[in-house]
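Residues per chain are reported as follows:
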Amino acid sequence: MISPIVYIVCSDKTRNGKTLLARLYTDLLSLRSQRKPLIFDTDLSGNGICNYFPDHTKIIDLSRVGDQVAMFDTMLAGDERDFVVDVAANETSRFFRIFTEIGFETGAQEVGLEVQICYLLDWSLNSLKMAAYIRQKLSSSRFVAVRNLAVEEMPIAPRSDERWPEVEIDLYLARLGSEAARTVQAADFSFADFISEQRGDLAYEVRAEIWNFLEDVYNQTKSVGVT
Amino acid sequence: MKHTLILVGADKGGVGKTTVARALLDFLARKNILARAFDTENPRGTLKRFYPRITEIIDLDSVSDQMKLLDTIETSAVKVTVVDLKAGNLSTALDIFDRIGVLDAAAAGEFDLALIHVVGPAIASLDEMNEVTQYTKDMAYVVAKNFINETNFFEWDDRTYQKYFAKLQDAREIEVPKLNEMAYEQVDLAGVTFSDFIANQNAKGGAGDFSFVLRGYVRKWIADLDAEWGHLDMINKLLDASRSPMDEPAGGDAAE
């Protein structure tokens, strides 16, 4: 029997593919189980993952303890369900403060819930520091460092007197061409439908590109042992 | 082990006095130090709701109740007594203890005496500290700044506060950290000890249905508060005595 899992997708920055990765995990989880994963979206603007899975998403205001209870206690109810948490960039610190303070990992272990933290990082020192900070807070969760190659940034090298945290990238998200990128960004696009070959309407080149993208993600996760 | 009498009080209501008494009893229980409690909030007794088996409600104005508390100090097998003084009753209670010789007995070393004075952010609380110092010469005097039920708290003017606190040469200070309001309310509603709430155990001893998140907040709060208790000599003395091989091993519930 496969353990239930929660993917916590986060970053210290916006617009770097965080929601795309959360959607991808959601679709992959819905393919492996009859029961769709429950999604928690901490982006109160309404522009997050709730647009893609409105029927399976709960918006969570992390500043409200009632919402914290609604999210964390639901995940720890032990009802064999999978979860995806899309953590808004401006809520990342608060999320992990609560995560640590309430001892979420202990609770997850008690109910057999696997926890995987997927952190999208860029080349900046702040991003690395946040990644290192989160990673060192974890005890039993899997930390997966993700870099999105579609985010164009110049690598920044530390000054000679600086010592930057070392974070090894576990997963690279390939850059999609503009047409394929537009396709997957559309609110009605579902990776699950695509994998189930229900998108014959798409151009061959676009389909091939998205397949390559998915295959690339699959091969990387397999090779590094990420669930 | 010498008997220790710990008074918890404040001359101002609503500063979290009973919460501090509950937290102290919780701490002692976790450290396997047997304690008994007296609740002077007669006739209701909030403390008794949380510690029904070890708490007795008394009226400090009643001589027979004074006897229940004080005449049993020497004879009780339980060596720690915690008294939760009724709100607004601190000075009066200290005056009563002074008049009936309790303070003198403590000064003579018959037992250890401590006062945990729970204070709020108002100047009135600072004035209270000055009023009680006439009684605190021969006891461990602890000022507990309570953050628990305030959100924008302790807006003391630091200079004013220091001016008051500087006069209290031998006083020790602890901070009772803030506990999330919802977590506090849920423990209150459940009518259980903080430790039982964390352990998800209801008032009847069965499995509770308390939120993991709220239990987590209470666990963190208790851990922070434990560090504060650890700053106090009188607490460390109790811990040392409880570890001493000369004493009988502690265990079980004091009142059972």
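Quick look at the structure, then.

Reading the values: the criteria
Residues numbered from 1 in each chain as written. Chains lettered and ligands numbered in written order. Predicted model: local features only at pLDDT ≥ 70, side-chain atom pairs only at ≥ 80, totals over all residues. Helix = DSSP H or I, 4+ residues; strand = E, 2+ residues; numbered from the N terminus. Rg over C-alpha atoms; globule rule 2.2 N^0.38 Å. Buried ≥ 20, exposed ≤ 12 C-beta atoms within 10 Å, placed from the backbone. Contact = placed C-beta atoms within 7 Å. Pairing = 2+ DSSP bridges. Axes fitted to C-alpha atoms, helices over the stretch in contact; angles between N-to-C directions. Expected span 1.5 Å × (residues − 1). Core = buried A, V, L, I, M, F, W, Y, C linked by C-beta atoms within 7 Å. Parallel < 35°, antiparallel > 145°, perpendicular 65-115°, else oblique. Nonpolar A, V, L, I, M, F, W, Y, C, P; charged D, E, K, R; others polar.

1. Let's talk about the overall build of chain A
When helices and strands are counted, chain A shows eight helices and seven strands. In terms of overall size, chain A behaves like a compact globule, its C-alpha atoms giving a radius of gyration of 17 Å where 227 residues would be expected to give roughly 17 Å. C-alpha extents for chain A along the principal axes are approximately 50 × 50 × 35 Å. Across the 227 residues in chain A, those meeting the buried criterion constitute 37%. The long-range fraction of contacts in chain A, counting pairs at least 24 apart against all pairs at least 6 apart in sequence, stands at 75%.

2. Side note on the sheet that holds strand β5 (residues 114-120) of chain A
Residues and elements named next belong to chain A. Across the sheet, seven strands lie side by side as β3-β2-β4-β1-β5-β6-β7; this open sheet has parallel pairing. If you trace the sheet from one side to the other, it starts and ends with β3 (57-59) and β7 (171-173), each paired once. This sheet shows a mean twist of 20° between the axes of neighbouring strands, independent of strand direction. Bridge count for β5 against strand β6 (residues 142-148) is five bridges, and the pairing is parallel. Looking at β6, one finds that Tyr-119 is bridged to Ala-145.

3. A look at helix α1 (residues 18-32) of chain A
Residues and elements named next belong to chain A. For α1, spanning 15 residues, the distance from its first C-alpha to its last is 21 Å, which sits close to the expected 21 Å at 1.5 Å a residue. Counting buried residues in α1 gives twelve out of 15 residues, a clear majority hidden from the surface. Restricting attention to buried positions, one finds in α1 the residues Lys-18, Thr-19, Leu-20, Leu-21, Ala-22, Arg-23, Leu-24, Tyr-25, Thr-26, Asp-27, Leu-28 and Leu-29.

4. Overview of the nonpolar core
Membership of the largest hydrophobic core comes to 127 residues, with the highest contact counts inside it found for Val-9 of chain A together with Val-8 of chain B. The element best represented in this core is helix α1 (residues 17-30) of chain B, accounting for eight residues. With sequence-adjacent residues up to four places away left out, Val-8 of chain B is seen in contact with Lys-17, Val-20, Ala-21, Leu-24, Val-82, Val-83, Asp-84, Leu-85, Ile-116 and Val-118 of chain B.

5. Focus: the packing of helix α2 (residues 65-75) of chain A against helix α10 (residues 212-229) of chain B
Across the interface, α2 of chain A lies against α10 of chain B with an axial gap of 7 Å and an inter-helix angle of 105°. Between α2 of chain A and α10 of chain B, the angle falls in the class roughly perpendicular. In this structure, α2 of chain A uses Gln-68, Val-69, Phe-72 and Asp-73 of chain A to contact α10 of chain B, whose residues at the interface are Phe-212, Val-213 and Leu-214 of chain B. Residue classes in the contact of α2 of chain A with α10 of chain B are distributed as five nonpolar, one polar and one charged.

6. Observations regarding unusual backbone geometry
Its identity is not glycine, yet Arg-15 of chain A carries a phi of approximately 55°, on the positive side. Classification of Arg-15 of chain A by C-beta neighbours within 10 Å gives exposed; the count is 10. Its identity as a non-glycine residue notwithstanding, Asn-200 of chain B has a phi of 60°, on the positive side. Relative to the helices and strands, Asn-200 of chain B resides in the loop between α9 (194-198) and α10. Given 15 C-beta atoms within 10 Å, Asn-200 of chain B falls into the partly exposed group.

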